[in-house]
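Structural characterization, general
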Amino acid sequence: MKLYYSAGSCSTSCHITLEESGLKYEAVEVDFDNATDPNVALVGKLNPLGTLPIFITDDGKQLDQNIAIQTYIADKAVGKNLLPSVGTIERAQAMNWLSFVCSDLHKGIGALFGVSYISEDKAVQQQVRSFLVGRATECIAYLDAKLAGKEYLMGSTFIPADAYAFVVLGWTKYLDIPLAPYKNIEAYMARVASRPAVAAVLKAEGLV
Ligand SMILES: N[C@@H](CCC(=O)N[C@@H](CS)C(=O)NCC(=O)O)C(=O)O
């Protein structure tokens, strides 16, 4: 299995799930800040949308959406309990979290990176930013409330959505959105960061 990732982006969550899985994999860095990195051109060829993650299975099939990649890895990691069994309500709840993180949290927080591309006018940027911060903090506050009394999103078991939420919530430090008011999230971030697989991936991607 091969994962193309860029350090600290949403693809880092697939990297974490791979590391948690204990399966054999190759992680290939794509440096979007370096136009001469041949992997940047390769990404454009493999995925016309130009986005990561890109994941290649052992038999050469491609997946390029976080939810599908994370689910595939978790299902392959038999005995690791990364996702509940297919057909159970717990499975649906874990997928519910993966969907929330992908559609609401990721896109809610991630949209803030695009503010300066919308207009050069600072007043417009400020208006757009406050609109987007409103939506992002709604998702963050929702998550904080849901984490009350829990170690992870599903309770005491770590799931791929935890890897994904951890990575996306980490972007807030670049976006001037303080997490300090969200005590459950603060404790959750430290808890996830202390997992050996997470620490190994942060080190491998040069993020610590
Ligand atoms: N719908 C895709 C979205 C993936 C996505 O937004 N990837 C971002 C990184 S977080 C990306 O590769 N953006 C291109 C860039 O940074 O140039 C998924 O859920 O996997």
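Because the structure is a prediction, the values reported are computed rather than measured. (Residues numbered from 1 in each chain as written. Predicted model: local features only at pLDDT ≥ 70, side-chain atom pairs only at ≥ 80, totals over all residues. Heavy atoms only, no water.)

Moving on: the overall build of the protein. For the protein, the count of helices and strands is 9 helices and 4 strands. Secondary structure elements in the protein, listed N-terminal to C-terminal, are β-α-β-α-β-β-α-α-α-α-α-α-α. Its C-alpha radius of gyration of 17 Å places the protein within 12% of the 17 Å reference for a compact globule of 208 residues. For the protein, the residues scored as buried account for 45% of the 208 residues in total. (Helix = DSSP H or I, 4+ residues; strand = E, 2+ residues; numbered from the N terminus. Rg over C-alpha atoms; globule rule 2.2 N^0.38 Å. Buried < 20%, exposed > 50% of the residue type's maximum accessible area, 1.4 Å probe, protein only.)

Moving on, we come to the packing of aromatic side chains. Taken as a whole and assessed by the stated rule, the structure comprises 6 aromatic pairs. Consider the rings of W97 and F100, whose centres lie 5.7 Å apart with planes at 85 degrees: the pair is edge-to-face. With W97 and F100 both in helix 4 (residues 89-110), this residue pair falls 3 residues apart, about one helical turn. A relative accessible area of 11% means that F100 is categorised as buried. With a centroid separation of 5.7 Å and 70 degrees between ring planes, the pair formed by F113 and W171 is classed as edge-to-face. A residue pair is termed long-range when its members are at least 10 positions apart, and F113 in the loop between helix 4 and helix 5 (115-118) and W171 in the loop between helix 7 (160-170) and helix 8 (183-193) qualify at 58 residues. (Phe/Tyr/Trp six-rings, centres within 6.5 Å; stacked < 30°, edge-to-face > 60°.)

Attention now moves to the site of the ligand. For the ligand, the set of nearby residues contains 15 residues, the closest of which are C10, L52, Q65, N66 and K107. In this structure, L52 approaches the ligand through a main-chain N or O atom, which is 2.8 Å from an oxygen atom. In this structure, N66 approaches the ligand through a main-chain N or O atom, which is 2.7 Å from an oxygen atom. Considered on its own, the ligand offers 510 Å² of accessible surface; in the complex 72% of this is hidden by protein. With 3 residues, the single largest contributor to the shell around the ligand is helix 4. (Near = heavy atom within 4 Å. Polar contact = N/O pair within 3.5 Å; in protein donor to acceptor, adjacent residues only side chain to side chain. Areas by Shrake-Rupley, 256 points an atom, 1.4 Å probe, with all protein chains shown as cover.)

Split by domain assignment, the protein resolves into domain 1 (2-82 + 200-204) and domain 2 (89-195). Using only C-alpha atoms to locate each centre, domain 1 and domain 2 end up separated by 20 Å. Each partner contributes residues to the interface: domain 1 has 17 residues there, and domain 2 has 16 residues. For the pair domain 1 and domain 2, the summed buried surface comes to about 1400 Å²; carbon and sulfur atoms form 68% of the total. Of all residues in domain 1, E20, I67 and L82 bury the most surface against domain 2, accounting for 31% of the area lost on that side. (Domains from an automatic or database assignment. Contact = heavy atoms within 4.5 Å. Buried area = accessible area lost by both parts, 1.4 Å probe.)

Of the strand pairs in this sheet, strand 1 (residues 2-5) and strand 2 (residues 26-29) are connected by 4 bridges, and their pairing is parallel. Across the sheet, K2 pairs through a bridge with E26, a residue of strand 2. A crossover connection joins strand 1 to the parallel strand 2 through helix 1 (residues 11-21); in handedness this β-α-β unit is right-handed. Of the strand pairs in this sheet, strand 1 and strand 3 (residues 54-56) are connected by 3 bridges, and their pairing is antiparallel. Bridging across to strand 3, Y4 finds its partner in I54. (Pairing = 2+ DSSP bridges. Right-handed = clockwise from strand over helix to strand, strands pointing away.)

This part takes up the pattern of salt bridges. With the rule as written, the count across this model stands at 6 salt bridges. Residue E138 pairs with R135 through a salt bridge whose shortest N-O separation is 3.3 Å. Taken together, the positions of E138 and R135, both in helix 6 (residues 122-146) and 3 residues apart, correspond to about one turn of that helix. Several salt bridges converge on common partners, so that one network encompasses D104, R135 and E138. (Salt bridge = Lys/Arg side-chain N within 4 Å of Asp/Glu carboxyl O.)

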